[in-house]
Amino acid sequence: MKRLEGKTCLVTAAGQGIGRASAERMAAEGGRVIATDINDASLAELNAIDGIEARKLDVTNKAEIEALVSDIGGVDVLFNCAGIVHNGTILDATEEEWDFAFDLNVKSQFRMIRAVLPHMIEKGSGSIINMSSVAGPVTGPVNRLVYSASKAAVAGMTRAIANDHVKQGIRCNAIAPGTVDSPSLHDRLRATGDYEGALKTFIGRQPMGRIGKPEEIAALVTYLAADESGFTTGVVHVVDGGWTA
C-alpha cells in the first residue's frame, strides 16, 4: 500500500518549484491531490499527471478558498506552499509590501487552515504543513526584513495550531528551507542585474556547495503528510544544507 493511499491532499502554489514537486510526489504515493495555482498554463500541465486534479485558486480570496474546500469535501492533508520573497531592509520596505507579504505568506495559510480544520476535527485526524523558511525563525539574512518577519509569523502560527489541536488528532508542522532551486529563485537572481554573481553568493553560503532541490523538500512534505510521521507535530523542520547549523 502506498503511503498516501486514501488521503485527499490539498496543495497551494503547485504550479512550480516545491509546490509542483510535492504535488507530484504525493500523487506518486497514492494520494488524491488537489493541486492549486493561479497560473493557467501550470494548471494545464498538472491536470495531465495521474492522481492530480488541478484547480485555479487565489489564496488571498477567502470566498474562493471556502468554495473549493466545500466542493472537494474536506481534506486529510493541507500543504500551504504559496508565498513571495521581498528584498530590502526596513528602510527600503513599503507598507504596501509589508501588507502584501503578510497577506500572501501568512494570512493565506490562516485562511486555508480555517477552511479545512473543521472537517479534520470531525474526522479526528489531519496533517497541516506550512511553508516557512530559515529566514525569520532561525536566522535573519541581510535584505530580507519583510520576508523574514512573515516567515517567523508562520512558525509561530504553526506551533500554536499544533498545541491547540493536538488532542483532536490534528498535526501541524512547518518546513524551513534554505535556498532551493526554483523558477522564482532564478527570477530574483536576474532581477539583481548580476545573475551569475548573485547565484555564486547564494551557493557560497551553503556548506554543501550547492542549493537545494525541490524534490528534497517534497520528500519531507510527503513524510509529514503520511501516517508514519504521526508522532511529529509543532516542529519547524530546517532543511538548508547546513547553512544555519
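Residues numbered from 1 in each chain as written. Predicted model: local features only at pLDDT ≥ 70, side-chain atom pairs only at ≥ 80, totals over all residues. Heavy atoms only, no water.

Examining the overall build of the protein
What the protein contains, in helices and strands, is eight helices and seven strands. Taken against the 2.2 N^0.38 rule, which gives 18 Å for 245 residues, the C-alpha radius of gyration of the protein at 17 Å falls within 12% of a compact globule. Expressed as lengths along the three principal axes of its C-alpha atoms, the size of the protein is roughly 50 × 40 × 35 Å. Counting over 245 residues, the protein shows a buried share of 49%. Partitioning the intrachain contacts of the protein with sequence separation of at least 6 by distance along the chain shows that 70% fall at a separation of at least 24. (Helix = DSSP H or I, 4+ residues; strand = E, 2+ residues; numbered from the N terminus. Rg over C-alpha atoms; globule rule 2.2 N^0.38 Å. Buried < 20%, exposed > 50% of the residue type's maximum accessible area, 1.4 Å probe, protein only. Contact = heavy atoms within 4.5 Å.)

Some remarks on the pairing of strand β2 (residues 32-37)
Across the six residues that make up β2, a large majority, five, are buried. Handedness of the crossover is the feature at issue here: the chain leaves strand β1 (residues 8-11), passes through helix α1 (residues 17-28), returns alongside β2, and the resulting connection is right-handed. Pairing of β2 with strand β3 (residues 52-56) involves five bridges; the strand directions are parallel. Looking at the pairing, D37 lines up with K56 of β3. The parallel pair β2 and β3 is bridged by helix α2 (residues 40-47), and the resulting crossover is right-handed. (Right-handed = clockwise from strand over helix to strand, strands pointing away. Pairing = 2+ DSSP bridges.)

Brief notes about the packing of helix α6 (residues 183-191) against helix α7 (residues 195-204)
Contact geometry of α6 with α7 gives a least axis separation of 7 Å together with a crossing angle of 125°. Relative to α7, the element α6 lies oblique. For α6 against α7, the interelement crossing comes out right-handed. Together, L185, H186, L189 and R190 of α6 and Y195, A198, L199 and F202 of α7 make up the contact between the two elements. Across the contact of α6 with α7, the residue classes tally to six nonpolar, one polar and one charged. (Axes fitted to C-alpha atoms, helices over the stretch in contact; angles between N-to-C directions. Parallel < 35°, antiparallel > 145°, perpendicular 65-115°, else oblique. Left-handed = near helix turned anticlockwise from the far one by under 90°. Nonpolar A, V, L, I, M, F, W, Y, C, P; charged D, E, K, R; others polar.)

Overview of the packing of aromatic side chains
Considering all chains together, one arrives at one aromatic pair under this definition. On the basis of an interplanar angle of 25° and a centroid distance of 4.6 Å, the ring pair of W98 and F102 is categorised as stacked. Residue W98 and its partner F102 are located together in helix α4 (residues 95-123), separated by four residues, close to a single helical turn. Looking at W98, the relative accessible area reads 35%, which means it is partly exposed. For the cation-ring pair, R205 lies above F202, with the distance from its terminal atom to the ring centre recorded as 4.5 Å. Residue placement shows R205 over the ring face of W243; its charged tip is 4.0 Å from the ring centre. (Phe/Tyr/Trp six-rings, centres within 6.5 Å; stacked < 30°, edge-to-face > 60°. Lys NZ or Arg CZ within 6 Å of the ring centre and 35° of its normal.)

Here we look at the pairing of β1
Neither face of β1 is exposed, since T8 and L10 on one face and C9 and V11 on the opposite face are all buried. The sheet contact formed by β1 and β2 spans four bridges and is parallel. By the bridge assignment for β2, C9 is matched with V33.

Regarding α2
All buried positions along α2 are accounted for by S42, L43 and L46. Viewed along the axis of α2, the buried residues span an arc of 100°, placing them on a single side of the element. Set apart from the buried face of α2 by more than 90 degrees, the exposed residues are A41 and A44. Summarising the contacts, the buried residues of α2 are in contact with α1, β2 and β3. One side-chain oxygen of the residue at the start of α2 lies 3.0 Å from the amide nitrogen of A41, identifying that residue as N39. (Arc of directions from axis to C-beta. Polar contact = N/O pair within 3.5 Å; in protein donor to acceptor, adjacent residues only side chain to side chain.)

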